[in-house]
Amino acid sequence: MKKNNTASLLAKMATEGDVDLDLEADENCTGKPAEKPRKHDSGAADLERVTDYAEEKEISSSDLQTAMSVIGDRRSREQKAKQEREKELAKVTIKKEDVELIMSEMEISRFAAERSLREHMGNVVEALVALTS
């Protein structure tokens, strides 16, 4: 604030003819140093172009409902297919000895051993090969 008062006092005295006013380029009337050339203006301008490019679009409720129904239908089909697969696997008969063999050899849980056996239709060799690869 002191610089501001000094500048206004000098301006007043210059208008009255008492002082010869010679303001340098490095300070203006606000007391701030003169602006230096900016090196990074082009990058800021590029950033503005990128952010200004995106336009906000209004999504209609019918489009949104259509998209949601498509997603819901896909999920229900996937869930139904998964349930059918589980039913098919549950129908496969497996031997208790085969489950215990896979559990001991591969050091896996009973569930994982049964699942592998059921996926390979009770074939112990195929189940073991699939678990090792």
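The protein goes by Huntingtin interacting protein K in an unreviewed UniProt entry, where it is assigned to Hippocampus comes.

**With respect to the pattern of salt bridges**
A complete count under the given rule lists two salt bridges for this structure. Two residues, Arg-115 and Glu-119, come together in a salt bridge whose shortest N-O distance is 2.9 Å. You can see Arg-115 and its partner Glu-119 sitting in helix H5 (residues 110–119), four residues apart, about one turn around the helix. Judged by its relative accessible area of 26%, Arg-115 is partly exposed. Each of Glu-86, Arg-115 and Glu-119 takes part in salt bridges that share partners, so that together they form one network.

Calculation criteria
- Residues numbered from 1 in each chain as written.
- Predicted model: local features only at pLDDT ≥ 70, side-chain atom pairs only at ≥ 80, totals over all residues.
- Heavy atoms only, no water.
- Salt bridge = Lys/Arg side-chain N within 4 Å of Asp/Glu carboxyl O.
- Helix = DSSP H or I, 4+ residues; strand = E, 2+ residues; numbered from the N terminus.
- Buried < 20%, exposed > 50% of the residue type's maximum accessible area, 1.4 Å probe, protein only.

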